Amino acid sequence: MELLLMIDSAKRASAGYITAVIPYFGYARQDRKDKPRVPISAKLVANILQASGVNRIMTMDLHAEQIQGFFDIPVDHLKSEAIFIPYLAKQDLSNVTFASPDVGGVKRARSYAKYFERDLVICDKERRVANEVAAITVIGDVAGKDVILIDDIIDTAGTLCKAADALIEKGAKSVKAMLTHAVLSGNAYDNINNSLITEVIVTDSIPLRGKSDKIVVLSCAKLFARAIRNTHEYKSIAALFVDKNI
Ligand code: R5P
């Protein structure tokens, strides 16, 4: 609401061009009608933003890239790889295997595996009710490996903790996780602290409400600052991607 009111104020004050910088685009997970009588919340939020008079959206790691198409205005879709890859590049990744905690995140995890020339494994996640993970099956070999799970969102941390359990059961030596948006709702902090995951690396696209020794926060401020400058100066946003081919 605050964002919509600010956009409205800017419009009524005769702003020439309004860009909404939204590091975490909420409601993005509800991006399709996958069962009867549910909303497509991501599309509704896109409609509301456009109705408010915004001219451009700048955001990062949408839950699904297709959400860009819910808008009929330009969407600058930044990638957190520009933050995470330099962080990982400083570490010894010789024994690392990347993992996606669900089938929907395979493309995301594969981009890291490709960039660092490491293996990729996939966790097949089954949910019977929203916000609760029923079962996880690991597809691929992780025996003796240091696994890094890649995902866009950590909410209750159920997905990650269950994935970590399944990976360790399959023989993984250690499990870390790297996620863009730290929603961290409900018992997320306790779940992380009590889990087998040794480190959870997130960005500050959402301010963290709690603390955990396992959580490392990397700032997305510079990435957004560069993107804002580039769009303001009519320069390329693609120049901010670590590797345009991943
Ligand atoms: C799901 O498709 C997302 O990519 C995340 O895996 C999910 O939102 C994480 O939720 P939670 O932490 O509650 O399991």
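Worth saying up front: this structure is predicted, and the values here are computed from it rather than measured.

## Description of the overall build of the protein
Here's step 1: Along its length, the protein carries seven helices and ten strands.
Here's step 2: In terms of overall dimensions, the protein is globule-like: its C-alpha atoms have a radius of gyration of 19 Å, near the 18 Å expected for 246 residues.
Here's step 3: Taking all 246 residues of the protein together, 46% fall into the buried category.
Here's step 4: For the protein, contacts bridging at least 24 residues in sequence account for 58% of all contacts bridging at least 6.
Here's step 5: Accessible surface for the protein amounts to roughly 12,900 Å². Of this, 51% is attributable to carbon and sulfur atoms.
Here's step 6: The distance from the centre of the 32 positive side-chain charges to the centre of the 29 negative ones in the protein is 4 Å.

## What to know about the nonpolar core
Here's step 1: Ranked by size, the top nonpolar core spans 29 residues in total, and within it Leu149, Ile154, Leu167, Leu184 and Val200 carry the most contacts.
Here's step 2: In terms of residue count, helix H5 (residues 158–169) provides more of this core than any other element does, six residues in total.
Here's step 3: Residues contacting Val200, with those up to four places away along its chain left out, are Ile154, Ala177, Leu179, Ile192, Lys214, Ile215 and Val216.

## A few points about the environment of Pro86
Here's step 1: In this structure, Pro86 sits in helix H3 (residues 81–89).
Here's step 2: With 156 residues separating them along the chain, Pro86 and Val242 place their C-alpha atoms 8.9 Å apart.

## Brief notes about the side chain of Thr156
Here's step 1: Of note, Thr156 is situated in the loop between strand S7 (146–154) and H5.
Here's step 2: There is a polar contact of 3.1 Å between the side chain of Thr156 and the backbone nitrogen of Gly158.
Here's step 3: With residues up to four places along the chain from it excluded, the contact list for Thr156 reads Asn131, Ser185, Asn187, Ala188 and Asn191.

## Side note on the sheet that holds strand S1 (residues 19–22)
Here's step 1: In space, the three strands of this open sheet follow the order S1-S2-S3, with parallel pairing throughout. Strands with a single pairing partner mark the edges of an open sheet, and in this sheet they are S1 and strand S3 (75–78). Averaged over all pairs of adjacent strands, the angle between their axes in this sheet comes to 15°, without regard to strand direction.
Here's step 2: Judged from the four bridges that link them, S1 and strand S2 (residues 56–60) form a sheet pairing that is parallel. Bridged to Ala20 within S2 is Ile57.
Here's step 3: Helix-sheet contacts for helix H7 (residues 221–232) involve S1, S2 and S3, and the interaxial angle to S2 is about 155°.

## With respect to helix H2 (residues 41–52)
Here's step 1: In a regular helix each residue adds 1.5 Å, so twelve residues correspond to 16 Å; H2 covers 17 Å between its end C-alpha atoms and thus fits that length.
Here's step 2: Turning to H2, its buried residues are Ser41, Ala42, Ala46, Leu49 and Ser52. Projected down its long axis, H2 carries its buried residues within an arc of 140°, all on one side.
Here's step 3: In the core, the buried residues of H2 are packed alongside helix H1 (2–12), S1 and S2.
Here's step 4: Positive phi appears at Gly53, one or two residues downstream of H2, with a value of about 105°.

## A short note on unusual backbone geometry
Here's step 1: The backbone of Leu184 sits at a positive phi, close to 45°, despite the residue not being glycine.
Here's step 2: Among the structural elements, Leu184 can be located in the loop between strand S8 (174–182) and helix H6 (188–193).
Here's step 3: Overall, the relative accessible area of 6% leaves Leu184 in the buried class.
Here's step 4: The phi angle at Tyr234 is positive, at roughly 55°, despite the residue not being glycine.
Here's step 5: Along the chain, Tyr234 turns up in the segment after H7.

## Here we look at the pattern of salt bridges
Here's step 1: Counted according to the given criterion, the structure contains 13 salt bridges.
Here's step 2: Asp151 is the partner of Arg108 in a salt bridge, and the nearest nitrogen-oxygen pair spans 3.7 Å. Here Asp151 lies in strand S7 and Arg108 lies in helix H4 (residues 106–116), a separation of 43 residues in the sequence. Just as Arg108 is buried, Asp151 falls in that class too.
Here's step 3: Each of Asp8, Lys11 and Arg12 takes part in salt bridges that share partners, so that together they form one network.

## Some words on the side chain of Thr180
Here's step 1: Within the fold, Thr180 resides in strand S8.
Here's step 2: A polar side-chain atom of Thr180 sits 2.6 Å from a polar atom in the side chain of Asp61.

What counts, and where the lines are drawn
Residues numbered from 1 in each chain as written. Predicted model: local features only at pLDDT ≥ 70, side-chain atom pairs only at ≥ 80, totals over all residues. Heavy atoms only, no water. Helix = DSSP H or I, 4+ residues; strand = E, 2+ residues; numbered from the N terminus. Rg over C-alpha atoms; globule rule 2.2 N^0.38 Å. Buried < 20%, exposed > 50% of the residue type's maximum accessible area, 1.4 Å probe, protein only. Contact = heavy atoms within 4.5 Å. Areas by Shrake-Rupley, 256 points an atom, 1.4 Å probe, with all protein chains shown as cover. Lys, Arg positive; Asp, Glu negative; His and termini not counted. Charge placed at Lys NZ, Arg CZ, Asp CG, Glu CD. Core = buried A, V, L, I, M, F, W, Y, C linked by side-chain atoms within 4.5 Å. Polar contact = N/O pair within 3.5 Å; in protein donor to acceptor, adjacent residues only side chain to side chain. Pairing = 2+ DSSP bridges. Axes fitted to C-alpha atoms, helices over the stretch in contact; angles between N-to-C directions. Expected span 1.5 Å × (residues − 1). Arc of directions from axis to C-beta. Salt bridge = Lys/Arg side-chain N within 4 Å of Asp/Glu carboxyl O.

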